Amino acid sequence: DAKTTQPPSMDCAEGRAANLPCNHSTISGNEYVYWYRQIHSQGPQYIIHGLKNNETNEMASLIITEDRKSSTLILPHATLRDTAVYYCIVRSQGEYGNKLVFGAGTILRVKS
Amino acid sequence: KAGVTQTPRYLIKTRGQQVTLSCSPISGHRSVSWYQQTPGQGLQFLFEYFSETQRNKGNFPGRFSGRQFSNSRSEMNVSTLELGDSALYLCASSLVTGGSSYEQYFGPGTRLTVT
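Now for a quick tour of the structure.

The rules we used
Residues numbered from 1 in each chain as written. Chains lettered and ligands numbered in written order. Predicted model: local features only at pLDDT ≥ 70, side-chain atom pairs only at ≥ 80, totals over all residues. Heavy atoms only, no water. Contact = heavy atoms within 4.5 Å. Buried area = accessible area lost by both parts, 1.4 Å probe. Salt bridge = Lys/Arg side-chain N within 4 Å of Asp/Glu carboxyl O. Polar contact = N/O pair within 3.5 Å; in protein donor to acceptor, adjacent residues only side chain to side chain. Helix = DSSP H or I, 4+ residues; strand = E, 2+ residues; numbered from the N terminus. Buried < 20%, exposed > 50% of the residue type's maximum accessible area, 1.4 Å probe, protein only. Pairing = 2+ DSSP bridges.

On to the interface of chain B and chain A. Listed per partner, the contact involves 24 residues of chain B and 21 residues of chain A. Buried surface at the junction of chain B and chain A, both sides included, amounts to about 1800 Å², of which 49% is carbon and sulfur. Counting every contact that joins chain B to chain A gives zero salt bridges. Counting every contact that joins chain B to chain A gives eight residue pairs in polar contact (both at pLDDT 80 or more). For the side of chain B that touches chain A, the secondary structure elements donating two or more residues are strand S4 (31-38), strand S5 (42-50), strand S6 (53-57) and strand S9 (87-94) of chain B. Here the side of chain B that touches chain A takes four residues from S4(B), the largest share from any one element.

Tallying each qualifying case throughout the model produces eight salt bridges over all chains. Across the pair Arg73(B) and Glu75(B) runs a salt bridge, and its minimum N-O distance is 3.3 Å. For Arg73(B), a relative accessible area of 24% gives the class partly exposed. What emerges from the salt-bridge pattern is a single network uniting Asp11(A), Arg109(A) and Lys111(A).

Moving on to the pairing of S9(B). Residue and element names in this part refer to chain B. Counting buried positions along S9 gives eight out of eight residues, so the element sits mostly inside the fold. Residues Ala87, Tyr89, Cys91 and Ser93 point to one face of S9 and Leu88, Leu90, Ala92 and Ser94 to the other, with burial holding for every one of them. As paired elements, S4 and S9 share seven bridges and run antiparallel to each other. Across the sheet, residue Gln37 finds its bridge partner in S9, namely Leu88. Direction of pairing for S9 relative to strand S11 (residues 110-114): antiparallel, over a ladder of three bridges. By the bridge assignment, Tyr89 is partnered in S11 with Thr110.

This part takes up unusual backbone geometry. Following Thr7(B), the chain continues to Pro8(B) via a peptide bond in cis, the omega torsion being -10 degrees. In this structure, Pro8(B) sits in the loop between strand S1 (5-7) and strand S2 (10-13). Although it is not a glycine, Arg68(A) adopts a positive phi angle of roughly 65 degrees. Tracing the chain through its elements places Arg68(A) in the loop between strand S6 (61-64) and strand S7 (70-75). Owing to a relative accessible area of 10%, Arg68(A) belongs among the buried residues under this scheme. For Ser51(B), which is not a glycine, the phi torsion comes out positive at approximately 50 degrees. Taking the relative accessible area as the measure of exposure, Ser51(B) reaches 34% and is therefore partly exposed.

The structure is reproduced here in structure tokens:
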């Protein structure tokens, strides 16, 4: 079972920041938070990951709370092409193999 | 660098038949994982191969099998197809396996329809 809880859907206006929350209240000390997204009819795409510090790359920013029980993925200037299902995944650094456990994710709709 | 490729992209089979799907990982990647995606169950892990060895297996019946070749290309096979096997089958490649494999790159998938 997925170790994360996400809202089923969210809307965002084009050009505005999209803030996607994720709850992972049972996360342990060596578990990372990963974000992937899946645009309709394509394979999932890696976005970003983090352990406890906030992270930023060319696609997004990841804000993890101090107690690590929740996080927020931020797309700073959402475009229509960011409409997708966003998955928050918790995974241990010491985990055997590459298995990813996907939950239902959040459907983000970016509207003009 | 070329991405992950999967062939065929679309496939229609009849119940009882078998099917083989192929995945070519990104050059240099040695890990290939397979996933099944259906509207009812979402994305579910099937298995992972690394250096021609199965590393991990999901909760699927033995009709689902796979293998990996020395060039890291992987195939998965489904025998005695059932209607419920209709799904999008995705493969993902990664440079390494285990906790340090931060990024996995997914292919476009093979859409299998069983009639």
